[in-house]
Amino acid sequence: QVQLVESGGGLVQAGGSLRLSCAASGRTFSSYYMGWFRQAPGKEREFVAAVSRYGATANYPDAVKGRFTISRDNAKNTVYLQLNDLKPEDTAVYYCAASIAGPGFRQYEYNYWGQGTQVTVSS
């Protein structure tokens, strides 16, 4: 059982940066693959990033590749998402999620979800 709490969102101008954090409660954090998803106003939730259990590999969609970086610190039970060169189209609620299956892009493969943190990028 894992509970996830996101933080670090806010309002930023285009071209700026944010670092999102997701703190997990539970005794087996390193057993989970971790991912980030986002949901923009009026749109469906979409995959943003995922990382393997010990941070060796990461997956990103083309929309964020080269701008976003996912990482994790298992000693702190925390996963991060570094957002660089933000664009207005990045505006969304960002959710972290935990999976026992793998660092995939399909949201139904994730077992636990946080409540989200708002990222707003102004032009």
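Located above this text is the structure these notes cover.
Residues numbered from 1 in each chain as written. Predicted model: local features only at pLDDT ≥ 70, side-chain atom pairs only at ≥ 80, totals over all residues. Heavy atoms only, no water.

## Let's talk about the overall build of the chain
To keep things clear, this is the line we draw: The way it works is that DSSP assigns letters per residue, a run of H or I at least four long becomes a helix, a run of E at least two long becomes a strand, and they are numbered from the N terminus. With C-alpha atoms as the basis for the radius of gyration, the globule rule is written as 2.2 Å multiplied by the number of residues raised to the power 0.38. By definition in these notes, contact holds between two residues if any of their heavy atoms fall within 4.5 Å. Note on areas: Shrake-Rupley with a 1.4 Å probe; residue coverage comes only from the protein chains shown.
Regarding its fold elements, the chain presents zero helices and 11 strands. Here the chain has a C-alpha radius of gyration of 13 Å; the compact-globule value for 123 residues is 14 Å, and the two agree. Within the chain, contacts between residues separated by at least 24 positions form 58% of all contacts whose residues are at least 6 apart in sequence. Of the roughly 6400 Å² of accessible surface on the chain, a fraction of 46% belongs to carbon and sulfur atoms.

## Regarding the pairing of strand E7 (residues 68-73)
Put simply, the rule reads: Exposure classes here rest on a 1.4 Å probe applied to the protein chains alone. A residue is buried below 20% of its type maximum, exposed above 50%, and partly exposed in between. DSSP-based pairing: two strands are paired if at least 2 bridges between them are found.
The two faces of E7 differ: Phe 68, Ile 70 and Arg 72 on one face are buried, but Thr 69, Ser 71 and Asp 73 on the other face are not. With six bridges connecting them, E7 and strand E8 (residues 78-83) associate as antiparallel partners. Following the sheet pairing, Ser 71 is matched in E8 by Tyr 80. Two successive antiparallel strands, E7 and E8, enclose a turn made up of four residues, where Asn 77 displays a positive phi of approximately 50°.

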